[in-house]
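Here are the chains, one letter per residue:
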Amino acid sequence: MPYLDNFTKETLSTAIVIVIMIVLRIVISNIVRKFAQSTHIIEHRTNLVIKYLHLLINVMVLIALTLIWGVQAKDIIIAISSITTVVGVAMVAQWSILSNITSGIILFFSFPFKIGDVIKIHDKDFPIIGEIEDITAFHISLITKEGEIVIYPNNLIFQKGISILKEHFDDREFVD
């Protein structure tokens, strides 16, 4: 038992942080689900936001645990700045991924349209009218009246004007 004698404070602190993490994850999940139910947002988008929030909580817990176990703050800052630099350089090349994820989160909370709505994207060169089949973190899937599936990036949704049309494509024939 010499381990517990030497590290009692750290072990107890670690247990407390893990319990707080579990409680936070449960409480935040419940809050997001209640928000989604009150605003009639579909489950798929709710789970996506919960996944992002759990990731944020896990990162904060990891930082807390490294501080509890005696890693110096300056060492953490050096490691985080190194990782941020590498990720930053990679993201400059992949800015559209980050832009699409951010747009997906904004779409979740602003929910201007939902699955089943027929929208018109006012693109001068390539206007699209389609029924929304799915909304993900990166893109929106549309089905045109002709049955064509169009995948439209979330970040472009914010750059183009959109009209939500009253018509639906219910008279479409089933094609297997």
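A few points on the structure. (Residues numbered from 1 in each chain as written. Predicted model: local features only at pLDDT ≥ 70, side-chain atom pairs only at ≥ 80, totals over all residues. Heavy atoms only, no water.)

Within the secondary structure layout, Asp 123 lies in the loop between β1 (118–122) and β2 (128–135). Using a relative accessible area of 17% as the deciding quantity, one classes Asp 123 as buried. Ignoring any residue separated from it by four or fewer positions in sequence, one finds Asp 123 in contact with Tyr 152 and Lys 160. (Helix = DSSP H or I, 4+ residues; strand = E, 2+ residues; numbered from the N terminus. Buried < 20%, exposed > 50% of the residue type's maximum accessible area, 1.4 Å probe, protein only. Contact = heavy atoms within 4.5 Å.)

Mapped onto the elements of the fold, Ile 63 is located in helix α3 (residues 43–68). Sequence separation of Ile 63 and Ala 73 is 10 residues, and the distance between their C-alpha atoms is 9.7 Å.

Let us look at the pairing of strand β4 (residues 149–153). Covered by surrounding structure in β4 are Val 150 and Tyr 152 only, the residues Ile 149, Ile 151 and Pro 153 on the alternate face being uncovered. Looking at chain direction, strand β3 (residues 139–143) and β4 are connected through 5 bridges and run antiparallel. Directly across from Ile 140, in β4, lies its bridge partner Tyr 152. Here β3 folds back onto β4, and the loop between the two strands holds 5 residues, one of which, Gly 147, carries a positive phi near 90 degrees. (Pairing = 2+ DSSP bridges.)

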